[in-house]
Amino acid sequence: AKAFRGELVPQDPNDEPASELLKRIQAEKAKLIADGKIKKDKPLPPITDEEKSFELPLGWEWVRIGHIGHDWGQKTPDSDFTYIEVSAIDNQRGAVSSPELIKPENAPSRARKVVKEGTVIYSTIRPYLLNIAVIEVDFLPEPIASTAFAIVHPFCSMPPRYFLYFFRSPEFVRYVESVQTGIAYPAINDGQFFSGLIPLPPIEEQHRIVAKVDELMTLCDQLRSRITQASQLQQKLSDVVVEQAICS
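Since this is a predicted model, take the numbers as computed values, not measurements.

This part is about the overall build of the protein. Scanning the protein from N- to C-terminus turns up six helices and twelve strands. Taken across its 248 residues, the protein has 40% of its residues classed as buried. Restricting to contacts in the protein with at least 6 residues of sequence separation, those with at least 24 account for 79%.

In structure tokens form, the structure reads like this:
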């Protein structure tokens, strides 16, 4: 949570403030719409003070997810494609681990959402499982994701892992829990997802945050590995002691 309150890495007063980044995002969005690469998004309501759950550092901005990222639309597969279903997500690494190569005639009805390298995908079905990933490679043939995902591609080459980590944060989890419907099979819709708030730091600080969280995640993985190894060694020693006791 500290990462998204500006408490994980130091701020640099020389960074371009997020307000200027938002201007560049608007310009890029307008160009992509004019070029026919994305569709004009639906208007989102203004952010109220009540929605802001904490104070942001100088140079940051509260924004709605739909204002700083976009999807790539949908299509019906007409040639071989790489299918990304929820079961293909490694939610520990935040990556796609087991996509399928499928022919168009065998395409599931949910295979519709276009994704590209750098896109973040968020499973809106049973969101508590945190099936969230970044498309880290340029899949061939063309990747298409299930409609079970909300698709967000950051504007202005913002680091997708910043979004990944935020979507896994307690702040966003609380928001999702407040709007999801269903008890046995909870879900949120795309409109609720894109209406969610995200704290937007300067892009340089986004990169610093991602680098620091990556570092901490690596340390956690190493610690888990050492704990597992120690547990396995303890079990082996216990087995030896038991065996010796039996033999004697």
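Right, let's talk about the side chain of Asn131 for a bit. You can see Asn131 is positioned in the loop between β8 (120-123) and β9 (132-134). Only 3.4 Å separates the side chain of Asn131 from the side chain of Asn91, close enough to count as a polar contact. The contacts of Asn131, once residues within four sequence positions are left out, are Val86, Ile89, Asn91, Ile121, Tyr122, Ser123 and Phe149.

A separate point is the sheet that holds strand β3 (residues 81-84). Ordered by their spatial adjacency, four strands build an open sheet running β6-β3-β10-β7, and the pairing between neighbours is mixed. On the outer flanks of this sheet lie β6 (100-102) and β7 (111-114), each paired with one strand and no other. Taken over all neighbouring pairs, the strand axes of this sheet differ in orientation by 45 degrees on average, direction set aside. Alignment of β3 against strand β10 (residues 143-146), held across three bridges, turns out to be parallel. Residue pairing across strands places Thr82 opposite Pro143, the latter belonging to β10.

The subject of this paragraph is the pairing of strand β12 (residues 197-200). Burial of β12 is two-sided: the residues Leu197 and Pro199 facing one way and the residues Ile198 and Leu200 facing the other way are all buried. Pairing of strand β1 (residues 61-64) with β12 involves four bridges; the strand directions are antiparallel. By the bridge assignment, Val63 is partnered in β12 with Ile198.

What the rule picks out here adds up to 16 salt bridges. Here Glu20 and Lys23 are joined by a salt bridge, their closest N and O atoms 3.1 Å apart. Separated by three residues within a single helix, Glu20 and Lys23 lie in helix α1 (residues 18-34), roughly one turn from each other. Measuring nitrogen to oxygen at the nearest pair gives 3.8 Å for the salt bridge that ties Asp78 to Lys75. Several salt bridges share partner residues, and in doing so they unite Lys75, Asp78 and Glu142 into one network.

Mapped onto the fold, Ile203 is located in helix α6 (residues 203-247). Look at Ile203 and you get buried, because its relative accessible area is 12%. Along the sequence, Ile203 and Asp15 sit 188 residues apart, while their C-alpha atoms lie 7.9 Å from each other. Ignoring anything within four residues of it in the chain, the contact list for Ile203 reads Leu21, Arg24, Cys156, Ser157, Met158 and Pro159.

The rules behind each value
Residues numbered from 1 in each chain as written. Predicted model: local features only at pLDDT ≥ 70, side-chain atom pairs only at ≥ 80, totals over all residues. Heavy atoms only, no water. Helix = DSSP H or I, 4+ residues; strand = E, 2+ residues; numbered from the N terminus. Buried < 20%, exposed > 50% of the residue type's maximum accessible area, 1.4 Å probe, protein only. Contact = heavy atoms within 4.5 Å. Polar contact = N/O pair within 3.5 Å; in protein donor to acceptor, adjacent residues only side chain to side chain. Pairing = 2+ DSSP bridges. Axes fitted to C-alpha atoms, helices over the stretch in contact; angles between N-to-C directions. Salt bridge = Lys/Arg side-chain N within 4 Å of Asp/Glu carboxyl O.

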